[in-house]
Amino acid sequence: QVRLVESGGGLVQAGGSLRLSCAASESIFSMDIMGWFRQAPGKQRELVAIFSSSGGAKYETNYADPVKGRFTISRDYRQNMVYLQMTSLKPEDTAVYYCTMTRRQANYWGQGTQVTVSS
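The following refers to the structure shown.

Remarks on the nonpolar core
Here is a general trend for soluble globular proteins: nonpolar side chains tend to be buried in one another's company.
Next up, step 1: Residues W36, L84, M86, Y97 and M101 are the most contacted members of the largest nonpolar core, which totals 31 residues.
Next up, step 2: At the level of secondary structure, the elements contributing two or more residues to this core comprise β3 (18–24), β4 (33–39), β5 (46–55), β7 (71–76), β8 (81–86), β9 (95–103) and β11 (113–118).
Next up, step 3: The contact partners of M86, leaving out residues within four places of it in the chain, are G16, S17, L18, L20, R70, F71, Y97 and V115.

Here it is as structure tokens:
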């Protein structure tokens, strides 16, 4: 069982930046998928940004249209960390952000971190 712990959420004004971190309890080297989802009040959980394995050590990176050009996903294999750098934040980015990873069809989720963007 892989444990994921998110951190870095908080309250920020519109136009500001935050960096979310996701710490995995074991090596992320063999993960097939690593990414971030978010869920706003009254809405379904939605994809934000994701790495998906395309074979070997290669990954494809995909972003949801609303965050393209503003958010950047990255990973650190030595630290077993995945990050989400968020810039030019908007009130509509307010949500609980969840880290997720998949390895051999087993899916893992963190507990989430709240991001609130004030106007």
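Details of the pattern of salt bridges
Next up, step 1: Enumeration over the complete set of coordinates arrives at 5 salt bridges.
Next up, step 2: Residue D93 pairs with R70 through a salt bridge whose shortest N-O separation is 2.8 Å. On the criterion of sequence distance, the pair formed by D93 in the loop between β8 and β9 and R70 in the loop between β6 (58–63) and β7 is long-range, its members being 23 residues apart. Comparing D93 with R70, the two get one shared label, buried.
Next up, step 3: Sharing partners across several salt bridges, the network here consists of R38, E46, R70 and D93.

What about the sheet that holds strand β1 (residues 4–7)?
Next up, step 1: Pairing is antiparallel across the open sheet formed by 4 strands, whose spatial order is β1-β3-β8-β7. At either margin of the open sheet sits one strand with a lone partner, and together these are β1 and β7. Shown here is a sheet whose adjacent strand axes are inclined to one another by a mean of 15 degrees, direction ignored.
Next up, step 2: Inspection of the sheet shows β7 paired to β8 by 6 bridges, in the antiparallel sense. What sits directly across from R75, in β8, is V82.

Structural notes on the packing of aromatic side chains
Next up, step 1: Applying the stated criterion to the full structure yields 4 aromatic pairs.
Next up, step 2: Both rings, one in F37 and one in W109, keep their centres 5.3 Å apart while their planes meet at 70 degrees; by these two values the pair is edge-to-face. Here F37 is found in strand β4, whereas its partner W109 is found in strand β10 (residues 106–109), with 72 residues between them in sequence.
Next up, step 3: Put simply, the rings of F37, Y98 and W109 touch in pairs and so form one group of aromatic residues.
Next up, step 4: In this structure, R19 is placed above the aromatic ring of Y83, and the distance from its NZ or CZ to the ring centre is 4.1 Å.
Next up, step 5: The ring of W109 has R45 lying over it, and the distance from NZ or CZ to the ring centre is 4.7 Å.

Remarks on unusual backbone geometry
Next up, step 1: Unlike most non-glycine residues, N80 shows phi in positive territory, near 55 degrees.
Next up, step 2: In this structure, N80 sits in the loop between β7 and β8.
Next up, step 3: Residue classification places N80 among the buried residues on the basis of a relative accessible area of 18%.
Next up, step 4: One non-glycine residue with positive phi stands out, namely S88, at about 45 degrees.

Rules used throughout
Residues numbered from 1 in each chain as written. Predicted model: local features only at pLDDT ≥ 70, side-chain atom pairs only at ≥ 80, totals over all residues. Heavy atoms only, no water. Core = buried A, V, L, I, M, F, W, Y, C linked by side-chain atoms within 4.5 Å. Buried < 20%, exposed > 50% of the residue type's maximum accessible area, 1.4 Å probe, protein only. Helix = DSSP H or I, 4+ residues; strand = E, 2+ residues; numbered from the N terminus. Contact = heavy atoms within 4.5 Å. Salt bridge = Lys/Arg side-chain N within 4 Å of Asp/Glu carboxyl O. Pairing = 2+ DSSP bridges. Axes fitted to C-alpha atoms, helices over the stretch in contact; angles between N-to-C directions. Phe/Tyr/Trp six-rings, centres within 6.5 Å; stacked < 30°, edge-to-face > 60°. Lys NZ or Arg CZ within 6 Å of the ring centre and 35° of its normal.

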